[in-house]
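Results of the structural survey
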Amino acid sequence: MDNRHLFLEVADRIGHRIMKQALWQGGACNWRITLVNRERDGNVVVRQGVAPVTVYVGTAGIALFLLELFRMTGGGDVRRVVEGALHHSMSRVGEVTSAQFGLFTGRIGVAYVLARSGAVLGVDHYVDEAKRILSGLADHEHDDPALDVIAGAAGAIAALLKMREVLEPALPLEMAERLGEKLLRYARCEPIGWSWPGQGGSAIRNLTGFAHGASGIGSALLELHAATGKGNYRYAAEQAFAYERQFYSNEVGNWPDFRNMELWGHPPGYMWAWCHGAPGIALARIRAYEITDDPVYKSEALAAVKSTMDPFREQDGNYSLCHGVAGNSDVMLEAADTFHDEQLRERVEQRALIDADTHELKGTAWPCGTKQGADDPGLMLGEAGIGSFFLKLAGHAPSILLIRGAGDSKASEPDASYTAMQQRHIDAFFGRTRRILECWPPDEGGVETGILNAENGGSAVAVTTSYDMIRDSIQGQTDPIRRLRLEDAFLVEAVRYRMTWGIQDYCEDTLRELTRCDVQNVNWNSGKACLSQNARLFETKWDWDAFLKTDFKGGATPAQPFIAPACWDGVPYVAWRHRGVIRVRKLTAFAAVVLKCVRVPTALPEIVAKMANHDSDTAFEKTLTRRVRAQLANGLRAGIVDWDMAPAWEGRAVARKARKQ
């Protein structure tokens, strides 16, 4: 049975209800939306306020829905409201700061709606206005720190690429590439996968998911690759998806939500929505499969779709695009179209028929994605988004949830930029080892540097493959002295690599960071310093930094034996984990001694007593105390040292004991 006419009727009803709510001033119109404010006492207050001009909850987003309704139904009354909303958006776009590039929360989104409107309505003025907005933003791409789909570079890239169909393509493409380069610059490289910071440092680790996480950023980079043919974007996209792949839970059928959300509980929670979780990740994999034809992406997409289809995942209290039934159902329609699954489409339509009868035809209010489900006309949280979903059911209405910026373009074969990006990834972990091996005296033998070349491993496992090959090559050395030297040369990066793989519990890291004593609050006369359990002290036998400064390019001679400077006491290093990143630092002799003293909890006077070596000079002891305290303060700030508070009387007792010694 063809239900498209019914779905179109539902969308039309919603559209006309939103149109009646419009507030007019001259030839411009706007709406009142539901706003949520958190008061100083922590209470959440829900109130009505004037909509901003942006896409997510504002005028431009409502205009986009009504524009598509006009395209499918006609009607001068609909067009009049669309043009009123566009007039308001054009006149108030300056209220959005020029540093906001986001599709949903920034000026790029307004430009996108104007460009689309110009194409649908045949009005050049809207296209010119879109171009004017972009021209004002060009060359300021790095002013906006946001990187994700909602507010940052990832969402803007897809929209800019799509606008090439309407505008002169050079400007939006150049802007999209500059935003792409920014995403490459801010990627956090891990042995398997790349991710991107966000959420103002409040996440347990960098997020998975479409709206704010690796899926959305990876999808944008893959669109950019398909549009330009540049392989570095494809490599980064593959790494974004690899980052998420390692966290997939077969038991839950989903990817974890790493947001703190008051620390959720323990372990991290899961969410099923376009913004976070399987539905949005399904969209990214669907699009990745369309572009690359890689069966891995198809398999991941189908797994995410299956998880989203579970009856227990179908929300009953929220019908929004962002995190409700409409958004999840939109994803199902994309999967049905891409994978030619009519049964999946029928399931979505049956659910939509029931909901249309319950809410629209019987007059029960649609539950929106706002706080307490309050009525709202907006696109991503309110009725404009619900109407957009029913338009999609009724015909081929484009969805704001997945903008196919590259159109039908396909991925190209890996090129030189792909290989260079892969090499950059390997060198981020083993670049120092590579430089040492390249400088190794020829007559000393060593490890073939070619094992660190990018072509030795697939993109998802390039770093792990390189580690395994270095380790196996060193272990295969028959000369024990040579093997000892090579192990020592590799030690710093091997420790960092193994500690990176050893990261398991990010909730614990976050809690420790939140409860760690701040330097400003330390009472140096009370409590004990202790090396963080996330830190490790170690030493190399040779000074490889000095070795790298030695020129062996001409080859060693019999009179010039291996001269990497050996250090009888070793070269001290500390490696530590801070906010999910492993850092390694070479230590001064003084810093190394201080940190060795605090391998077990030790009070400041005890550390000074150990280092003073029974020297009774009071002036020397005061100077040493200041230096030790400064070193401990630096360690506290870096997260290398923890401070355990103790009662004041205990601190005084420790000080007396240290003085007697």
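This is a predicted model, so every value here is computed, not measured. (Residues numbered from 1 in each chain as written. Predicted model: local features only at pLDDT ≥ 70, side-chain atom pairs only at ≥ 80, totals over all residues. Heavy atoms only, no water.)

What follows deals with the nonpolar core. The nonpolar side chains of a soluble globular protein tend to be buried, and buried together. Trp274, Phe390 and Ile400 are the most contacted members of the largest nonpolar core, which has 165 residues in total. Discounting chain neighbours no more than four positions away, the residues touching Ile400 are Leu64, Leu103, Phe104, Tyr112, Leu321, Leu379 and Met380. Among the nonpolar cores identified, the runner-up in size contains 32 residues, and Leu537, Phe590, Met611 and Ala638 belong to it. (Core = buried A, V, L, I, M, F, W, Y, C linked by side-chain atoms within 4.5 Å. Buried < 20%, exposed > 50% of the residue type's maximum accessible area, 1.4 Å probe, protein only. Contact = heavy atoms within 4.5 Å.)

In this section: the side chain of Thr208. Residue position: Thr208 is located in the loop between β6 (194-195) and α8 (214-228). A distance of 2.8 Å separates a polar side-chain atom of Thr208 from the backbone oxygen of Pro256. Ignoring anything within four residues of it in the chain, the contact list for Thr208 reads Gly213, Ala214, Tyr243, Glu244, Phe247, Trp255, Pro256, Phe258 and His276. (Helix = DSSP H or I, 4+ residues; strand = E, 2+ residues; numbered from the N terminus. Polar contact = N/O pair within 3.5 Å; in protein donor to acceptor, adjacent residues only side chain to side chain.)

Moving on: the pattern of salt bridges. As enumerated under the stated definition, the model contains 38 salt bridges in all. Glu141 is the partner of Arg178 in a salt bridge, and the nearest nitrogen-oxygen pair spans 3.0 Å. In this pair, Arg178 is assigned in helix α7 (residues 170-186) and Glu141 in the loop between α5 (124-137) and α6 (153-163), connecting sequence segments 37 residues apart. When its relative accessible area of 24% is taken as the criterion, Arg178 is described as partly exposed. According to the relative accessible area criterion, Glu141 is buried, its value standing at 1%. When the shortest N-O distance is used, the salt bridge between Glu300 and Arg285 registers 2.8 Å. Of this pair, Glu300 sits in helix α11 (residues 295-309) while Arg285 sits in helix α10 (residues 278-292); the two residues are 15 residues apart in sequence, bridging distant segments of the chain. Both residues of the pair, Glu300 and Arg285, belong to the buried class. In this structure, a network of salt bridges that share partners links the residues Glu223, Arg287, Glu290, Asp330, Glu334, Lys392 and Arg404. (Salt bridge = Lys/Arg side-chain N within 4 Å of Asp/Glu carboxyl O.)

Positive phi, normally seen in glycine, also occurs at Asp139, with a value near 75 degrees. Mapped onto the secondary structure, Asp139 falls in the loop between α5 and α6. Asp139 sits in the exposed class, given a relative accessible area of 62%.

Relative to the elements of secondary structure, Gly639 occurs in the loop between α22 (618-638) and β11 (641-644). By relative accessible area, Gly639 is classed as buried at 7%. Taking the C-alpha atoms as reference points, Gly639 and Leu531, 108 residues apart in sequence, are found 9.1 Å from one another. Ignoring any residue separated from it by four or fewer positions in sequence, one finds Gly639 in contact with Arg516, Ser532 and Trp576.

Under the definition given, this model contains 26 aromatic pairs. Ring centres 4.7 Å apart and planes at 55 degrees place the aromatic pair Tyr248 and Trp255 in the tilted group. For Tyr248, a relative accessible area of 24% puts it in the partly exposed group. A residue is classified by how much of its surface remains accessible, and Trp255, at 3% relative accessible area, is buried. (Phe/Tyr/Trp six-rings, centres within 6.5 Å; stacked < 30°, edge-to-face > 60°.)

So, about α6. Taking burial as the measure, the 11 residues of α6 include 10 buried ones, the bulk of the element. Turning to α6, its buried residues are Ala153, Ala154, Gly155, Ala156, Ile157, Ala158, Ala159, Leu160, Leu161 and Met163. Of the surrounding secondary structure, the elements contacted by the buried residues of α6 are α4 (107-121), α5, α7 and α8.

A word on the confidence of the model for the protein chain. In the predicted model, the protein chain carries a mean pLDDT of 87, and 85% of its residues have values of at least 70. Across residues 554-561, confidence stays below pLDDT 50; counting only partners more than four residues off in sequence or on other chains, it has 7 contacts. In the predicted structure, residues 648-656 sits below a pLDDT of 50 and forms 9 contacts with residues beyond four places in sequence or in another chain. (pLDDT = per-residue confidence, 0-100.)

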